[in-house]
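The residues making up each chain are set out below.
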Amino acid sequence: MRSTGFRRTLAAIGVCSSLALAASACGSGDDGAAGGRTRITVNCEPPKSAKVDRRFFEQDIASFEKQNPDIEVVAHDAFPCQDPKTFDAKLAGGQMEDVFYTYFTDAGHVVDIDQAADLTPYLKQLRSYDTIQKQLRDIYTVDGKVYGIPRTGYSMGLIYNRKLFEKAGLDPDKPPATWDEVRADARRIAALGDGTVGYADYSAQNQGGWHFTAELYSQGGDVVGADGKKATVDTPEGHAVLQNLHDMRWTDDSMGSKQLLVINDVQQMMGSGKLGMYLSAPDNIPILVKEKGGDYKDLALAPMPGGKGTLIGGDGYMFNKKDTPAQIRAGLKWLDHMFLTPGSGFLGDYARAKKNDAPVGLPEPRLFTGAADAKDQQVKKANANVPVENYQAFLDGNQQLRMKIEPPDAQQIYSVLDGVVSAVLTKKDADVDHLLKDASGKIDSILARS
């Protein structure tokens, strides 16, 4: 899932709308352009409604084409960047762009259905490849071959309200590090009254299953076994997750009476100053400020409680199987220019972002390693316009956590786990043993069909 909660449920904008169109209209295989230039189509251009991001994207394409006069880039806009209703059909129908956006969880599937170009012979064209975190590169590596390039990554943590911590007599510089501490702090915050909620969690629209997975990882558990064939939720770690949610909801009354929440509900609670803590990634913080009424100085980020693991996600680009060698080389050059050069490009030009009042200084995405990471962090720090000290605990704590990607068949599994989480939060007498046993059987069936 996307860390912002914008899941793949909305129609994409600006991409080829009919799968009956000729492949050359939206897809690949024809790299000819006027004057003998190599032509590539790319997607995930910000829509016109996102005026600043759209302008940045267009500026960066223009500068790329100026530096590479032999390449023409045709961008297709969309929000979200990938529509599940058309994604597989576009792949199967040969309508996908030459360079197309994917979530990390899509990589194996696209390779399995034989719709991805093998980039391995062309990697020397991508100057930045060896600087990208290996665990992110590995997501797009199948049987030793590289089929995609990471663009961003995120990891889950605990967003908390420093103002409420102080009001409740808690030290905002010492966020909870265990789930027992989360529970204790949530009780103190909820005791402030006036509709204040100590801790909130999602439990609908597959988001409850997503957070259950993150919480299970934090306890050292897994949703699916290493062989990918059997569920591993009916375990002591799975029981601990549900029992903790049950006890905060019903014994402590620290989660409030309103349940079946989704991300927008929880963000609204946090932005309005009525929520102490919830799980999220750093990219939620600007949304809380710009859309929900929050203040950067009040919002802080800690690592996942539990100390054993955190869920990671993100996105990248894959290449159409029909791409010509010239298109692959051109697409890799474009990725370097747009996203993978520290301190510049669409995601890394922090000076430009600051000038346009975009937040600079959030702890993620942290894509690079070594000298590239050092340069990226140096430029980011020089242009920071948010209180970076509020995120230091997250940065420090993440170094100790196991980073785990979402499970296979994630959305189907999350749908099953949604029911488990919602039952615990809406039924005081929910039978945790039965819920996990039933969920385990359903997940096994999903895995058997995949």
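Computed from a predicted model, the values in this text were never measured in an experiment.

K.L.:
Which residues make up the pairing of strand 1 (residues 38-45), and what are the values?
P.N.:
With 7 of its 8 residues buried, strand 1 lies for the most part within the structure. Taking the sense of rotation as the criterion, the β-α-β connection linking strand 1, helix 2 (residues 51-67) and strand 2 (residues 71-77) turns out right-handed.

K.L.:
Just give me the short version of the packing of helix 7 (residues 179-190) against helix 9 (residues 236-251), but keep the residues and values in it.
P.N.:
Running from amino to carboxyl end, helix 7 crosses helix 9 at an angle of 10°, the nearest separation of the two axes being 11 Å. Judged by the inter-axis angle, helix 7 sits roughly parallel to helix 9. Handedness of the helix 7/helix 9 crossing: right-handed. On the side of helix 7, the interface is formed by W179, V182, R183 and A186, while helix 9 contributes N244, D247, M248 and T251. Split into classes, the residues belonging to the contact of helix 7 with helix 9 amount to 4 nonpolar, 2 polar and 2 charged.

K.L.:
Could you give an account of helix 17 (residues 410-426), with specific residues and numbers?
P.N.:
The end-to-end C-alpha distance of helix 17 is 24 Å, a good match for the 24 Å that 17 residues give at a rise of 1.5 Å each. Of all the bends in helix 17, the greatest, near 25°, is centred on V416. For helix 17, the tally of buried residues reaches 12 of 17 residues, placing the bulk of the element in the interior. Taken as a whole, helix 17 has its buried residues at A410, I413, Y414, V416, L417, D418, V420, V421, S422, A423, V424 and L425. Considering only its buried residues, helix 17 is in contact with helix 8 (207-218), helix 9, strand 11 (309-319) and helix 18 (432-449).

K.L.:
Which residues make up helix 12 (residues 325-338), and what are the values?
P.N.:
Taking 1.5 Å per residue as the helical rise, helix 12 with its 14 residues ought to reach 20 Å, and the 20 Å between its terminal C-alpha atoms agrees with that figure. When we look at burial in helix 12, the residues that qualify are Q327, I328, A330, G331, L332, W334, L335, D336, H337 and M338.

K.L.:
If you had to explain the state of the cysteines to someone new, which residues and values would you point to?
P.N.:
Considering all chains together, one arrives at 1 disulfide under this definition. One disulfide in the model links C44 with C81; its S-S distance is 1.9 Å. Since a negative S-S torsion denotes a left-handed disulfide, the C44-C81 link at about 55° is right-handed. Highlighted residues: C44 in strand 1 and C81 in the loop between strand 2 and helix 3 (84-92), separated in sequence by 37 residues. Residue classification places C44 among the buried positions, given a relative accessible area of 5%. By relative accessible area, C81 is classed as buried at 13%.

K.L.:
Account for the pattern of salt bridges, naming residues and giving values.
P.N.:
Applying the stated rule across the entire model yields 20 salt bridges. Here K274 ties to D194 by a salt bridge, and the two come within 2.9 Å at their closest N and O atoms. Within this pair, whereas K274 is found in the loop between helix 10 (263-271) and strand 9 (275-280), its partner D194 is found in the loop between helix 7 and strand 8 (197-199), the two being separated by 80 residues in sequence. Assessed through its relative accessible area of 66%, D194 is described here as exposed. Across the pair D438 and K442 runs a salt bridge, and its minimum N-O distance is 3.2 Å. Taken together, the residues span about one helical turn, with D438 and K442 both in helix 18 at a distance of 4 residues.

K.L.:
Quick one: what's the story with the sheet that holds strand 10 (residues 299-303), residue by residue and with numbers?
P.N.:
If you trace the 4 strands from one edge of the open sheet to the other, you get 8-9-7-10, paired in mixed fashion. Here the strands that pair on one side only, and so sit at the sheet edges, are strand 8 and strand 10. Averaged over all pairs of adjacent strands, the angle between their axes in this sheet comes to 25°, without regard to strand direction. In terms of strand pairing, strand 7 (residues 157-161) meets strand 10 through 5 bridges, oriented antiparallel. Looking at strand 10, one finds that L158 is bridged to A302. Together, strand 7, strand 8 and strand 9 form the strand contacts of helix 7, whose direction differs from that of strand 8 by roughly 175°.

K.L.:
How would you explain the packing of helix 9 against helix 17 if you had to name every residue and give the values?
P.N.:
Their axes nearest at 8 Å, the elements helix 9 and helix 17 cross at an angle of 30°. The angle between helix 9 and helix 17 falls in the class roughly parallel. Where helix 9 crosses over helix 17, the two elements pack in a sense that is right-handed. Of the residues in helix 17, those touching helix 9 at L242, L245, H246, R249 and W250 are V420, V421, V424, L425 and T426. Looking at the contact of helix 9 with helix 17 residue by residue, the classes come out as 7 nonpolar, 2 polar and 1 charged.

K.L.:
Tell me about the packing of aromatic side chains, and name the residues and values.
P.N.:
Taken as a whole and assessed by the stated rule, the structure comprises 13 aromatic pairs. In textbook terms, an aromatic cluster arises when at least three aromatic residues are bridged by ring pairs, as seen for F57, Y101, Y103, Y317, W334, F339 and F346. One Lys or Arg, R249, reaches over the ring of W250 and ends 3.9 Å from the middle of that ring.

Calculation criteria
- Residues numbered from 1 in each chain as written.
- Predicted model: local features only at pLDDT ≥ 70, side-chain atom pairs only at ≥ 80, totals over all residues.
- Heavy atoms only, no water.
- Buried < 20%, exposed > 50% of the residue type's maximum accessible area, 1.4 Å probe, protein only.
- Helix = DSSP H or I, 4+ residues; strand = E, 2+ residues; numbered from the N terminus.
- Right-handed = clockwise from strand over helix to strand, strands pointing away.
- Axes fitted to C-alpha atoms, helices over the stretch in contact; angles between N-to-C directions.
- Parallel < 35°, antiparallel > 145°, perpendicular 65-115°, else oblique.
- Left-handed = near helix turned anticlockwise from the far one by under 90°.
- Contact = heavy atoms within 4.5 Å.
- Nonpolar A, V, L, I, M, F, W, Y, C, P; charged D, E, K, R; others polar.
- Expected span 1.5 Å × (residues − 1).
- Bend = angle between axes of the 7 residues up to and from the residue.
- Disulfide = S-S within 2.5 Å.
- Salt bridge = Lys/Arg side-chain N within 4 Å of Asp/Glu carboxyl O.
- Pairing = 2+ DSSP bridges.
- Phe/Tyr/Trp six-rings, centres within 6.5 Å; stacked < 30°, edge-to-face > 60°.
- Lys NZ or Arg CZ within 6 Å of the ring centre and 35° of its normal.

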